[in-house]
Amino acid sequence: MTKSPSGPRDKDKLDPVWKALADPTRRAILDFLRDQPRTTTEIVDKFPHLTRFGVMKHLDLLRDAELVNTSEEGRQRWNSLNVFPIRQIYERWVSPFQELWAGQLLGIKNLAEQNGPDVESKPGPPRKRKDK
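Below: a short report on this structure.

Thresholds applied
Each chain carries its own residue numbering, running from 1 in the written order of its sequence. A pLDDT threshold of at least 70 governs which residues receive local features in this predicted model, and a stricter bar of 80 or more applies before side-chain atom pairs are shown or counted, although totals over entire chains, interfaces and linings include all residues. Hydrogen atoms and water are omitted, and side-chain values are computed over all heavy atoms in the structure. We treat two strands as partners when DSSP finds at least two bridges between them. Strands here mean DSSP runs of E at least two residues long; helices mean DSSP runs of H or I at least four residues long; both are numbered from the N terminus. What counts as a salt bridge is simple: a side-chain nitrogen of Lys or Arg found within 4 Å of a carboxyl oxygen of Asp or Glu. Residue burial is assigned from relative accessible area. The probe radius is 1.4 Å, only protein chains are included, and a residue is buried under 20% of its type maximum, exposed over 50%, and partly exposed in between. Like charges are joined within 9 Å and nonpolar side chains (Val, Leu, Ile, Met, Phe, Trp, Tyr) within 5 Å, but only among residues with over 30% relative accessible area and no salt bridge; these make up the patches. Each accessible area value is a Shrake-Rupley result obtained with a 1.4 Å probe; residue values ignore everything except the protein chains displayed when judging cover.

## Brief notes about the pairing of strand β2 (residues 68-73)
- Judged from the 6 bridges that link them, β2 and strand β3 (residues 76-81) form a sheet pairing that is antiparallel. From the neighbouring strand, Glu 73 faces β3, where its bridge partner is Gln 76.
- The hairpin turn running from β2 into β3, its antiparallel successor, is 2 residues long, and Gly 74 in that turn takes a positive phi close to 65°.

Take a look at the structure:
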């Protein structure tokens with residue numbers, strides 16, 4: 001039996017990225033790293049509702065997804081954002097639809113210009129409520 005390349009059983013190389021981005025805490029960590037690299041201690045301090053162990057687990061998952069790069073400098077671990085996997089998601093899932101969206105918006109613009117600003121919209125007849 002041959003599996004299709006886009007079948008649900010096939011592991012996609014972006015699956016770890018989607019999993020990492022699915023969690024609001026991990027997204028907040030990425031937002032925190034957006035401006036500059038941070039030490040693990042700075043990240044722990046930024047998220048006081050989490051234990052150090054909890055932050056480390058989130059960072060491990062972000063590293064596995066290649067969204068965070070970590071380097072050691074003495075006793076400190078520096079974490080920096082790697083935007084490449086996010087760019088891959090953009091190119092695969094957003095970029096192909098840009099032309100479609102642009103075409104739809106252009107159609108709306110053309111329709112609005114055809115009607116002009118002087119056209120008053122009249123409300124339609126009231127809708128009847130359906131009782132359950």
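On we go from here.
## A look at the pattern of salt bridges
- Counted according to the given criterion, the structure contains 4 salt bridges.
- Here Arg 92 and Asp 12 are joined by a salt bridge, their closest N and O atoms 2.3 Å apart. Placement of the pair is Arg 92 in helix α5 (residues 84-115) and Asp 12 in the segment before α1 (15-21), with a sequence separation of 80 residues.
- Taking the shortest distance from any N to any O, the salt bridge between Asp 31 and Arg 34 comes out at 2.5 Å. Highlighted residues: Asp 31 and Arg 34, both in helix α2 (residues 24-34), separated by 3 residues, approximately one helical turn.
- Look at Arg 34 and you get exposed, because its relative accessible area is 57%.

## Re a nonpolar patch on the surface
- A contiguous nonpolar patch, built from Trp 18, Trp 93, Phe 97, Leu 100 and Trp 101 and spanning about 550 Å² of accessible area, is present on the exposed surface.
- Residue contributions to the nonpolar patch peak at 4 residues, all from α5.
- In this structure, Trp 93 sits in helix α5.
- Owing to a relative accessible area of 41%, Trp 93 belongs among the partly exposed residues under this scheme.

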